[in-house]
Amino acid sequence: MNPVDTFNLDIRSLSTFIAVLDEGSVSRAAVRLGVSQSAVSHTLDRLRQALGDALFVKSGRGIVPTRYALQAGPHIRQILDDLHSLSSGPPFTPATAEFTFTIAANDYQRDLLLPGLLSVVRQEAPGIRLQVIPSGIPTADMLRKDLCDLIISPHAPEATDIMQRGLMADQMVVFYDPANRQAPDSLADYLTADHIGILFGTGEKTALEGSLAARGLTRRTVVTVSNFSGLPSFLRGTDMLATAPKRMSEDLLQDFACAPLPFDYKPFTLLMLWHKRNQTDPAHRWIRNHVNGVAAAMNDLNTQPI
């Protein structure tokens, strides 16, 4: 018997061998595999050369496996099972898993969604540790270079290798202290008021600033903070304005009044972003589904498993 030529073995040829072994017929194996009989015969010829055995011989009107083929069958089935298991990712059991999962999110997204995620993780997967870092205006390289495993942001990088899922909708509104002023009643009133601005710790301004600049509009920003959490202390007891997501009226900015912006500004969708190499990873998918579940409990979006 010749040494096995492994370079002539692949998943397709081994699957063909198993199909012929199971069906006992080249024609039925071809139907099962969705290929022509000649393709099955050609693959068997390559396998015979690689394995150094006839594998199947004629018997009456059909074929029967050789002794070698019968002995090799269980081993080849195991090889195929192992390869299929490898392609679906390593096994994942939440209760015994131990790893650190890094999520990039600014304080708005962090405080809105991640406490709920941590509650689920602590109950179902106590060995998983969450690490939260600021996202700023995220870039594709944050995911490509493994700076984080997941990003939660309304800003999606334009890249074909970055996957995304909408979590919930929100809109920007203007907050103010009702004990010190009324809502701005016009665009001019909004622009001439004193504002608290946001300049993320990573150095980027909010998308709102870019939108105003594109319209040739400017506002008077008298103080800038690095995240939304800095707004309440500066806003309280003043006549200043702060522009922030409306959902903050339920938590961080619940002590203040809010009103619609006095100009058109589209609502935005909070997105979950990840690199496509993690699309089928079971642990990654488990966490994504739970982030999705936390968001689903807060809105009416359709939430099919990811």
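Only a predicted model underlies this, so the values are computations on that prediction, with no experimental measurement involved. (Residues numbered from 1 in each chain as written. Predicted model: local features only at pLDDT ≥ 70, side-chain atom pairs only at ≥ 80, totals over all residues. Heavy atoms only, no water.)

### A closer look at the pattern of salt bridges
As a working rule, side chains carrying opposite charge can pair if their charged atoms are close by.
Item 1. Scanning all chains against the criterion turns up 14 salt bridges.
Item 2. Among the salt bridges present, the one from Arg 144 reaches Asp 161, with a minimum N-O distance of 2.8 Å. Of the two residues, Arg 144 sits in helix H6 (residues 140–144) while Asp 161 sits in the loop between strand E5 (150–153) and strand E6 (162–170), which places them 17 residues apart along the sequence.
Item 3. With relative accessibility at 38%, the residue Arg 144 sits in the partly exposed group.
Item 4. What makes Asp 161 buried here is its relative accessible area of 13%. (Salt bridge = Lys/Arg side-chain N within 4 Å of Asp/Glu carboxyl O. Helix = DSSP H or I, 4+ residues; strand = E, 2+ residues; numbered from the N terminus. Buried < 20%, exposed > 50% of the residue type's maximum accessible area, 1.4 Å probe, protein only.)

### Remarks on the packing of helix H5 (residues 107–124) against helix H10 (residues 282–296)
When two helices pack together, their arrangement is given by the angle between the helix axes and the distance between those axes.
Item 1. One can describe the packing of H5 onto H10 by two numbers: an axis separation of 9 Å at closest approach and a directional angle of 130 degrees. Compared by their axis directions, H5 and H10 come out oblique. Remark: the crossing between H5 and H10 carries right-handed chirality. Of the residues in H10, those in contact with Leu 113, Gly 116, Leu 117, Val 120, Val 121 and Glu 124 of H5 are Trp 286, Ile 287, His 290, Val 291, Val 294 and Ala 295.
Item 2. Each residue belonging to the contact of H5 with H10 can be placed in one class, and the counts come to nine nonpolar, two polar and one charged. (Axes fitted to C-alpha atoms, helices over the stretch in contact; angles between N-to-C directions. Parallel < 35°, antiparallel > 145°, perpendicular 65-115°, else oblique. Left-handed = near helix turned anticlockwise from the far one by under 90°. Contact = heavy atoms within 4.5 Å. Nonpolar A, V, L, I, M, F, W, Y, C, P; charged D, E, K, R; others polar.)

### Here's the deal with the packing of aromatic side chains
Item 1. Overall, the coordinates contain six aromatic pairs when judged by the stated rule.
Item 2. Between Phe 92 and Phe 99, the ring centres sit 6.4 Å apart and the planes meet at 55 degrees, which makes this aromatic pair tilted.
Item 3. Residue Phe 92 is classed as partly exposed on the basis of its relative accessible area, which comes to 21%.
Item 4. Each ring, one from Tyr 108 and one from Phe 228, has its centre 6.3 Å from the other, and the planes form 75 degrees; the classification is edge-to-face. (Phe/Tyr/Trp six-rings, centres within 6.5 Å; stacked < 30°, edge-to-face > 60°.)

### Some words on H5
Item 1. An ideal rise of 1.5 Å per residue puts 26 Å on 18 residues; H5 measures up with 25 Å between its terminal C-alpha atoms.
Item 2. Of all the bends found along H5, the most pronounced is centred on Leu 114 and spans about 40 degrees, while Pro 115, a proline, follows it within four residues.
Item 3. Within H5, burial applies to Asp 107, Tyr 108, Gln 109, Leu 112, Leu 113, Leu 114, Leu 117, Val 120 and Val 121. (Expected span 1.5 Å × (residues − 1). Bend = angle between axes of the 7 residues up to and from the residue.)

### Describing unusual backbone geometry
Residues other than glycine predominantly adopt negative phi, and peptide bonds predominantly adopt the trans conformation.
Item 1. A positive phi angle is found at Leu 55, which is not glycine, with a value near 70 degrees.
Item 2. Topologically, Leu 55 is positioned in the loop between helix H3 (37–51) and strand E1 (56–59).
Item 3. Leu 55 gets classed as buried once you look at its relative accessible area, which sits at 0%.

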